[in-house]
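Structural description and commentary
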Amino acid sequence: MKIGLRIDVDTFRGTRYGVPNLCKLLAKYSINASFFFSVGPDNMGRHLWRLLRPAFLWKMLRTRATSLYGWDILLKGTFWPGPVIGEKLENIIRLTADASHEVGLHAWDHHRWQANIDKMNAAAVNHSVNQGVEMLTHILGHPPRCSAVPGWKCNDNVLLAKSRFPFEYNSDCRGESIFHPLVSGEELLQPQIPVTLPTYDEVIGRNGVTDENYNEYLLSLVKPNELNVLTIHAEVEGIACRDMFSRFLEMAHNKGVSFVPLGAMLREYHPTGSAEIIKKEIPGREGWIAYQADLSSCRKEID
Ligand SMILES: [Zn+2]
């Protein structure tokens, strides 16, 4: 069994501490993964406080947010402008690529994207993607070959904006199979590799899932002979839940489960049709996320 492993890096702290921790851990198991970096200003503190509503407060308590994210993340960008991650930590991003991991674009400003995507017009979306691509091109010496939007906040403007950049694939939604997105009935060339498995913060503390049984629960969701894509966060599995994630890799290893970058999944599971991307709400996550629609047409192709 194979899992495509995607690592989202949302913050300065996650880049500074979580990424080197994960690189060390992955090296121990000779695993290469896909890292998606946020490279502009870190205003994530602003984002987390903005969500301070009863439902989110409960999630903060459920996930022990201060230990999960750290006080410095919760305060970043709230009282002063956040640091530009790609300027301050370009070395870490370059070292990640040098260690043969796949490096892609997550965001320019993660907070702004998550908070404003519904209000951003095509030009604003294009500008944001372009800023991220330019920064990563400067750091890597070549344009990033893949991307994944923050918080699965993707719409048709995003898909069209991305089609103008040389991405080999994008991972902007949840779903079940690799597919070509449809915008106004037209199939775009860049395939989408959807995430199939839940994230830690979506399931922990719900339906009896605890830190003690989380790894087993997650492994029970992996489906043989189907696309499996897992997202972890540099801030979570790379810092607060590092030991637990280390045990997860060991358990997976013992079960014969291997991990590959998302680009490798693309070579193995070719796109199986086209689908629109729709908005959907899922348990454990605030607001809507982008989801692969019209799965029936994809299934037909597999049969
Ligand atoms: Zn993110």
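These figures come from a predicted structure and were not determined experimentally. (Residues numbered from 1 in each chain as written. Predicted model: local features only at pLDDT ≥ 70, side-chain atom pairs only at ≥ 80, totals over all residues. Heavy atoms only, no water.)

**Comments concerning the side chain of arginine 174**
By the element assignment, arginine 174 lies in the loop between β5 (169–170) and β6 (180–183). Within polar-contact distance, the side chain of arginine 174 engages the side chain of glutamate 202 at 2.6 Å. (Helix = DSSP H or I, 4+ residues; strand = E, 2+ residues; numbered from the N terminus. Polar contact = N/O pair within 3.5 Å; in protein donor to acceptor, adjacent residues only side chain to side chain.)

**Focus on the confidence of the model for the chain**
Close reading of the predicted structure is inappropriate where its pLDDT is low. Predicted confidence across the chain gives a mean pLDDT of 90, with 85% of residues reaching 70 or more. Predicted confidence is poor over residues 296–303, with pLDDT under 50, and the contacts of this stretch with residues over four places away or in other chains come to twelve contacts. (pLDDT = per-residue confidence, 0-100. Contact = heavy atoms within 4.5 Å.)

**Some words on helix α7 (residues 90–98)**
Every buried residue of α7 is listed here: Ile92, Ile93 and Thr96. Viewed end-on, α7 has its buried residues packed into an arc of 100°, placing them on one side of the element. More than 90 degrees from the buried face of α7, the exposed residues found are Leu95 and Asp98. Each element contacted by the buried residues of α7 is listed here: α1 (12–28), β2 (34–38), α6 (85–88), β3 (102–107) and α9 (122–140). Serine 100 sits one or two positions beyond α7 and adopts a positive phi of about 70°. (Buried < 20%, exposed > 50% of the residue type's maximum accessible area, 1.4 Å probe, protein only. Arc of directions from axis to C-beta.)

**Structural notes on the packing of α1 against helix α14 (residues 242–254)**
In contact at an axis separation of 11 Å, α1 and α14 are set at 20° when each is read in the N-to-C sense. What the angle tells us is that α1 and α14 run roughly parallel. Seen along the crossing, α1 lies across α14 with a hand that is right-handed. Counted together, Asn21, Leu22, Leu25, Leu26 and Lys28 of α1 and Arg242, Phe245, Ser246 and Leu249 of α14 form the full contact between these two elements. Looking at the contact of α1 with α14 residue by residue, the class counts come to five nonpolar, two polar and two charged. (Axes fitted to C-alpha atoms, helices over the stretch in contact; angles between N-to-C directions. Parallel < 35°, antiparallel > 145°, perpendicular 65-115°, else oblique. Left-handed = near helix turned anticlockwise from the far one by under 90°. Nonpolar A, V, L, I, M, F, W, Y, C, P; charged D, E, K, R; others polar.)

**Let's talk about the packing of α1 against α7**
Two quantities define a packed helix pair, namely the angle between the axes and the distance from one axis to the other. Direction vectors running N to C along α1 and α7 enclose 15°, while the axes themselves pass 10 Å from each other. Considered as vectors, α1 and α7 are oriented roughly parallel to each other. The handedness of the crossing between α1 and α7 comes out as left-handed. Judged by residue contacts, Thr15, Arg16, Val19, Pro20 and Cys23 of α1 engage Ile92, Ile93 and Thr96 from α7.

**Examining the coordination of the zinc ion**
By definition of the ideal shapes, a tetrahedral metal site with four donors has angles of 109.5 degrees and an octahedral site with six donors has angles of 90 or 180 degrees. In this structure, Asp10 (OD), His106 (NE2) and His110 (NE2) serve as the protein donors to the zinc ion, at separations of 2.1 to 2.2 Å. In the primary structure, the donors to the zinc ion are separated according to the pattern D-x95-H-x3-H. A residue pair is termed long-range when its members are at least 10 positions apart, and aspartate 10 in the loop between β1 (2–9) and α1 and histidine 110 in helix α8 (residues 110–116) qualify at 100 residues. Residue aspartate 10 shares its accessibility class with histidine 110, and that shared class is buried. (Donors = N, O, S within 2.8 Å, 3.2 Å for Na, K, Ca; no water.)

**Comments concerning α14**
End to end, α14 covers 19 Å across 13 residues, agreeing with the expected 18 Å (1.5 Å per residue, within 8%). Of all the residues in α14, the buried ones are Met244, Phe245, Ser246, Phe248, Leu249 and Ala252. Backbone geometry just downstream of α14 places glycine 256 in the positive-phi region, at approximately 80°. (Expected span 1.5 Å × (residues − 1).)

**Notes on the nonpolar core**
The biggest cluster of nonpolar side chains holds 70 residues, and the ones touching the most others in it are Leu5, Ile7, Phe35 and Leu249. Considering each element in turn, this core owes the most residues, seven residues, to α9. Discounting chain neighbours no more than four positions away, the residues touching leucine 249 are Leu25, Leu26, Tyr29, Ile31 and Phe259. Residues Tyr169, Ile178, Val260 and Met265 belong to the second largest nonpolar core, which totals 17 residues. (Core = buried A, V, L, I, M, F, W, Y, C linked by side-chain atoms within 4.5 Å.)

**Digging into the environment of arginine 285**
Structurally, the position occupied by arginine 285 is in the loop between β11 (277–281) and β12 (288–292). The exposure class assigned to arginine 285 is buried, which follows from its relative accessible area of 16%. Considering only alpha carbons, one finds arginine 285 and proline 198, 87 residues apart in sequence, at a separation of 9.9 Å. Polar side-chain contacts of arginine 285 include one of 3.2 Å to the side chain of threonine 199. Polar contacts involving the side chain of arginine 285 include one to the side chain of glutamate 202, which spans 2.5 Å.

**As for the pairing of β3**
In terms of residue burial, β3 counts as a mostly covered element, since five of its six residues are buried. The pairing of β2 with β3 spans five bridges and is classified as parallel. For serine 38, the partnering residue across the bridge sits in β3 and is alanine 107. (Pairing = 2+ DSSP bridges.)

**Observations concerning the sheet that holds β6**
Pairing in this open sheet of three strands is mixed, and the strands run β7-β6-β10 from one edge to the other. Looking at strand neighbours, the two that pair on one side only are β7 (186–187) and β10 (274–275), the edges of this open sheet. By the bridge criterion, two bridges tie β6 to β10 in an arrangement that is parallel. Across the sheet, the residue bridging to histidine 180 is serine 274, located in β10.

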